[in-house]
Amino acid sequence: MKVFSGTSNKSLAEKIVVDLGTRLSGLEVFVFPDGEKRVRILDKVVDEDTVVVQSTSTPVDENYMQLFFIVDALKRGGAKSITAVVPYFGYQRQDHVFREGEDVSVKVIAEILDTVGLNRVIAVDLHSVKIREAFGIPSVELSALPIFAKVIKEKGWDKDSSVLVTPDMGGIRRIKILSELLDNMPFVTVEKNRDLATGAVSAKKFEGTIGKKAIIVDDMISSGGTIAVAADLLKKNGVEEIYVFATHAVFSEKAPKILQESGVNSVYVTDTVFVSEEKKFAKLKILSVSKLIATSLSS
Ligand code: R5P
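Residues numbered from 1 in each chain as written. Predicted model: local features only at pLDDT ≥ 70, side-chain atom pairs only at ≥ 80, totals over all residues. Heavy atoms only, no water.

S.K.: So what about the nonpolar core? Which residues, and what values?
M.R.: Counting 34 residues, the largest nonpolar core has Ile152, Leu164, Leu178, Ile215, Phe245 and Ile293 as its most contacted members. Of all elements in the fold, only helix 1 (10–20), strand 4 (49–53), strand 6 (120–124), helix 4 (145–154), helix 5 (172–181), strand 11 (213–221), strand 12 (241–249) and helix 8 (290–298) reach the threshold of two or more residues within this core. It is helix 4 that contributes the most residues to this core, five residues altogether. Filtering out sequence-adjacent residues up to four positions away, Ile293 remains in contact with Leu12, Ile16, Val85, Pro87, Val124 and Leu142. (Core = buried A, V, L, I, M, F, W, Y, C linked by side-chain atoms within 4.5 Å. Buried < 20%, exposed > 50% of the residue type's maximum accessible area, 1.4 Å probe, protein only. Helix = DSSP H or I, 4+ residues; strand = E, 2+ residues; numbered from the N terminus. Contact = heavy atoms within 4.5 Å.)

S.K.: Which residues make up the environment of Ser8, and what values go with them?
M.R.: Counting through the fold element by element, Ser8 comes out in the loop between strand 1 (2–5) and helix 1. Sequence spacing of Ser8 and Gln54 is 46 residues, and the spatial spacing of their C-alpha atoms is 5.9 Å. Non-local contacts of Ser8, meaning those with residues more than four positions away in its chain, are made with Gln54, Ser55, Asn63 and Phe274. At a separation of 2.9 Å, a polar atom in the side chain of Ser8 contacts the side chain of Gln54. Only 2.7 Å separates the side chain of Ser8 from the backbone oxygen of Ser55, close enough to count as a polar contact. (Polar contact = N/O pair within 3.5 Å; in protein donor to acceptor, adjacent residues only side chain to side chain.)

S.K.: With reference to specific residues and values, describe the side chain of Thr50.
M.R.: As for its position among the elements, Thr50 is in strand 4. Of the polar contacts made by the side chain of Thr50, one reaches the backbone oxygen of Ser81; its length is 2.7 Å. Those residues in contact with Thr50 that lie beyond four places of it in its chain are Lys2, Phe4, Val45, Leu74, Ala79, Ser81, Ile82 and Thr83.

S.K.: Please give an account of the pairing of strand 8 (residues 162–166) that cites residues and values.
M.R.: Counting buried residues in strand 8 gives five out of five residues, a clear majority hidden from the surface. Of the two faces of strand 8, both are covered, the one formed by Ser162, Leu164 and Thr166 as well as the one formed by Val163 and Val165. Examined bridge by bridge, strand 8 and strand 11 share four bridges and lie parallel to one another. The partner of Leu164 across the bridge, within strand 11, is Ile215. Note: strand 8 against strand 9 (residues 187–194), three bridges, orientation parallel. Within strand 9, the residue paired with Val165 across the bridge is Val188. (Pairing = 2+ DSSP bridges.)

S.K.: Before we move on, can you summarise the pattern of salt bridges with the specific residues and values?
M.R.: Counting across every chain of the model gives 18 salt bridges. The partner of Glu154 in a salt bridge is Lys150, with the nearest N and O atoms 3.1 Å apart. Here Glu154 and its partner Lys150 are both found in helix 4, four residues apart, which amounts to about one turn of the helix. For Lys150, a relative accessible area of 53% corresponds to the exposed category. Through salt bridges with shared partners, a single network forms among Arg174, Asp218 and Asp219. (Salt bridge = Lys/Arg side-chain N within 4 Å of Asp/Glu carboxyl O.)

S.K.: Quick one: what's the story with the sheet that holds strand 6, residue by residue and with numbers?
M.R.: Read across the sheet, five strands follow the order 1-4-5-6-7 without closing on themselves; strand pairing throughout is parallel. Each edge of the open sheet is held by one strand with a lone partner, namely strand 1 and strand 7 (139–142). Shown here is a sheet whose adjacent strand axes are inclined to one another by a mean of 20 degrees, direction ignored. Sheet analysis places strand 4 next to strand 5 (residues 81–86), joined by five bridges and oriented parallel. In the strand pairing of strand 5, Val52 is matched with Ala84. Running at roughly 165 degrees to strand 1, helix 1 makes contact with strand 1 and strand 4 of the sheet. (Axes fitted to C-alpha atoms, helices over the stretch in contact; angles between N-to-C directions.)

S.K.: Hey, could you go over the packing of aromatic side chains for me, with residue numbers and the actual values?
M.R.: For the structure shown, the criterion picks out nine aromatic pairs. Consider the rings of Tyr64 and Phe68, whose centres lie 5.8 Å apart with planes at 25 degrees: the pair is stacked. One end of the pair is Tyr64 and the other is Phe68, both in helix 2 (residues 60–76) and four residues apart, which spans about a single turn. Exposure class is identical for Tyr64 and Phe68. Each is buried. Measuring from ring centre to ring centre gives 5.9 Å for Tyr64 and Phe89, while their planes differ by 75 degrees; the resulting arrangement is edge-to-face. With Tyr64 in helix 2 and Phe89 in the loop between strand 5 and helix 3 (105–116), this pair connects stretches of sequence that are 25 residues apart. In this pair, the class of Tyr64 matches that of Phe89, namely buried. (Phe/Tyr/Trp six-rings, centres within 6.5 Å; stacked < 30°, edge-to-face > 60°.)

Shown next, in the form of structure tokens:
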């Protein structure tokens, strides 16, 4: 198996190859003066099973174009199979038409990946069950929830002391799985509202009984608004300690500042998205999904 990495999350790709007991194969990304890019595979891939690791986080369009080009280069190089490991799958939130006249972005991306010659896609914690239906090729969804459950258990946070919180109704599937992994830890659901035109988030109430310690679980943190609003609501309802577990550190806009200044104690994310030094903050803790991905690739 030959593993290549795009430029979006090379540090995760490097960990994955260590876990696989191999090395990254050579890939060159050349940038023309006008900003266009060309990729070149530097290893022979004829009749090889190949893997390309590329998170499609910000800059999302650029990272997707690079992924399309790498898949095309592998195909032209005669690869036997091409698997894309896309730890964070960009555009997944637009998985259906929310308002008349909108596109279905994730379907467009899936169709392009099918067309360029990809054979299989591996992603981590997809936003909804609908997303895998967009693909015409086999897809695998891995989950960081067992990694989160392990940390929660190691901390000694159990169902008598803690309550899981999903910051919106869309997280119900996720919270139920984590609850089962934690000996049926109770959970509450925040009733979040998002203005579809402005993106502004608000929440006035939640369903369920809360205690003194809350563990908020989400698939991704983008602006940080969802977490900040949920944390405010929990604090107003007597919660003293709040821990956040979210798979994808999308961290757009002022998210690091908002999270650091929010009422939460710690924010656990994974390395599906590369977090630059400037975006790190004191409350942030990063867990790795490299073993999860390496295990899937070698099975
Ligand atoms: C929404 O349905 C997602 O699960 C996340 O809650 C959301 O994308 C987080 O976005 P933000 O950090 O911008 O509120």
